[in-house]
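Residues per chain are reported as follows:
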Amino acid sequence: MSILYRSDAPRAAAWASYFAEHAPDLDFRVWPDAGKLDEVEYLIAWQAPAEFLATLPRLKVLFSSGAGVDHVDFSAVPARIPVVRMVEPGIINGMVEYVSLAVLALHRDFFDYVAAKGARVWNPLEVPPASARSIGVMGMGSLGRAVLERLWTYGFRLRGWNRSLRRMDGVESFAGSDQLQPFLEGCDVLICLLPLTPTTRGILNRKLFAALPAGAALINVGRGPHLVDADLLEALNSGQLSRAILDVTDPEPLPAEHPYWMHPRVLVTPHVASMTQPESAAPILLENLRRHQRGEPLLNVIDRSRGY
Ligand code: NAP
């Protein structure tokens, strides 16, 4: 029984040592030391190009090594092979930390103080209570819900928008395209935690920004192609949006000449909001693999028709 890891090389050793200790019956291989490819039944990968998948005739399950699966070319993955996305506490905790930091930095005007320090200006701004700010999360999935739960502890007013209605204590919930506008109208800070699908591509656009209260801020931790760059720059330059914190861009890495780098009200981070942590992810993946071996349904299988 062989499992092949073809993902983030620096963390391969941690995966291999977990499997060596906890699943000695599995032949855990790390790319490019893959041995005979026709023995591989399970694949852990970030990208799985068609020509590579074609070399794995016995593949039974493709485990994405990250939370999103928008990089997977589903047309290259035979329909009989389930694709499983990564849901694990390490990714969730990282995202909760990043978004909390971003929201609190906006709420407590840290970007203004960074600028004021550069200008040697002592300028205390008002300190409104968290309850005076309304934070909205697009996508109430495993990450969006965890983010909302943590933001609730600070006392922010919270709202969430989702495809299907998801009720959460302390969160005003909205669902579907009909309720997007009323959702947006109450968001001082908008956080995108949607998966990238044909429906959500370009969703952060001029029309959406116009529906936000003037001076709202954007945090995009979904995917770069959710955002229409020209529309964001226009909204920032007109004052409709006050700031943007972008962990994801299109393309990645962001080219050196891109206007975001020099924009005074845009912060770019290099897709680091959260990452799969082998220590917490390996036990969860192994348990899911064991479910498959026992003939039980796999958890967190992608619905190909929805794209997430
Ligand atoms: P998830 O559990 O699959 O949740 C996705 C949520 O989005 C679901 O609640 C879904 O609604 C909702 N949704 C999907 N399409 C929608 C639409 N058209 N309109 C409204 N709501 C829609 O995913 P997750 O684990 O929370 O991850 C979300 C995304 O975060 C990933 O896909 C990835 O792009 C991004 N991410 C970024 C980083 C980073 O470092 N920046 C790290 C990890 C993940 P339903 O409940 O109705 O299905």
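Residues numbered from 1 in each chain as written. Predicted model: local features only at pLDDT ≥ 70, side-chain atom pairs only at ≥ 80, totals over all residues. Heavy atoms only, no water.

A. Expanded view of the packing of aromatic side chains. Counted by the stated rule, this structure contains nine aromatic pairs. Pairing Trp15 with Phe19 gives two aromatic rings, centres 6.4 Å apart and planes at 25°, and the pair type is stacked. Remark: Phe19 and Trp15 occur in helix 1 (residues 12-22); sequence separation between them is four residues, near one turn of the helix. According to the relative accessible area criterion, Trp15 is buried, its value standing at 2%. A relative accessible area of 0% means that Phe19 is categorised as buried. Here the aromatic cluster, defined as three or more aromatic residues joined through ring pairs, consists of Tyr5, Trp15, Tyr18, Phe19 and Phe28. The ring of Phe52 carries the charged tip of Arg6 above its face, separated from the ring centre by 3.9 Å. The residue whose ring lies beneath Arg306 is Tyr308, and the NZ or CZ to ring-centre distance is 4.3 Å. (Phe/Tyr/Trp six-rings, centres within 6.5 Å; stacked < 30°, edge-to-face > 60°. Helix = DSSP H or I, 4+ residues; strand = E, 2+ residues; numbered from the N terminus. Buried < 20%, exposed > 50% of the residue type's maximum accessible area, 1.4 Å probe, protein only. Lys NZ or Arg CZ within 6 Å of the ring centre and 35° of its normal.)

B. A look at the sheet that holds strand 11 (residues 241-246). Spatially, the seven strands line up as an open sheet ordered 8-7-6-9-10-11-12, and their pairing is parallel. Looking at strand neighbours, the two that pair on one side only are strand 8 (171-175) and strand 12 (266-268), the edges of this open sheet. Taken pair by pair, the neighbouring strands of this sheet meet at an average axis angle of 15°, ignoring direction. By the bridge criterion, four bridges tie strand 6 (residues 134-138) to strand 9 (residues 189-192) in an arrangement that is parallel. The residue bridging Met138 from the neighbouring strand is Cys192, located in strand 9. Contacts from helix 8 (residues 229-238) reach strand 10 (216-220), strand 11 and strand 12, with the element oriented near 140° to strand 11. (Pairing = 2+ DSSP bridges. Axes fitted to C-alpha atoms, helices over the stretch in contact; angles between N-to-C directions. Contact = heavy atoms within 4.5 Å.)

C. Main features of the environment of Ile245. Note on placement: Ile245 falls in strand 11. Along the chain, Ile245 and Val266 lie 21 residues apart, while their C-alpha atoms are 5.9 Å from each other. When sequence neighbours within four positions are dropped, the list of residues in contact with Ile245 reads Tyr98, Ala102, Leu106, Phe111, Leu218, Ile219, Asn220 and Leu267.

D. The arrangement of the nonpolar core in detail. Trp15, Phe19 and Ile191 are the most contacted members of the largest nonpolar core, which totals 50 residues. Summarising the domain contributions, this core has at least three residues from each of domain 1 (2-88 + 276-293) and domain 2 (92-268). Ignoring sequence-local partners within four residues, the contact set of Trp15 consists of Tyr5, Phe28, Ile44, Met86, Thr276, Pro278, Ala281, Ala282 and Leu285. Among the nonpolar cores identified, the runner-up in size contains 30 residues, and Trp161, Leu232, Tyr260 and Val268 belong to it. (Core = buried A, V, L, I, M, F, W, Y, C linked by side-chain atoms within 4.5 Å. Domains from an automatic or database assignment.)

E. View of the layout of surface pockets. Of the pockets and cavities examined, the second largest pocket occupies roughly 250 Å³. Secondary-structure elements contributing two or more residues to the lining of the second largest pocket are helix 3 (89-107), helix 4 (110-118), strand 10 and strand 11. With four residues, helix 3 is the largest single contributor of residues to the lining of the second largest pocket. Among the residues forming the lining of the second largest pocket, the class breakdown is nine nonpolar, three polar and five charged. (1 Å grid on protein atoms, 1.4 Å probe; cavity = no way out; pocket = protein on both sides within 12 Å on 5 of 7 lines; lining within 4 Å. Points joined across faces, edges and corners; volume = space filled by probe spheres on them. Nonpolar A, V, L, I, M, F, W, Y, C, P; charged D, E, K, R; others polar.)

F. Just the side chain of Asp109, in detail. By the secondary structure assignment, Asp109 is in the loop between helix 3 and helix 4. Buried within the structure, Asp109 lacks any salt-bridge partner; its nearest side chain of opposite charge belongs to Arg133, at an N-O separation of 4.5 Å. Residue contacts for Asp109: discarding those within four places in its chain leaves Leu125 and Glu126. (Lys, Arg positive; Asp, Glu negative; His and termini not counted. Salt bridge = Lys/Arg side-chain N within 4 Å of Asp/Glu carboxyl O.)

G. Molecular detail of the pattern of salt bridges. Enumeration over the complete set of coordinates arrives at 13 salt bridges. A salt bridge links Arg294 to Glu287; the shortest N-O distance between them is 3.0 Å. Owing to a relative accessible area of 48%, Arg294 belongs among the partly exposed residues under this scheme. Here the salt bridges share partners, and the residues they tie into one network are Asp27, Arg29 and Glu39.

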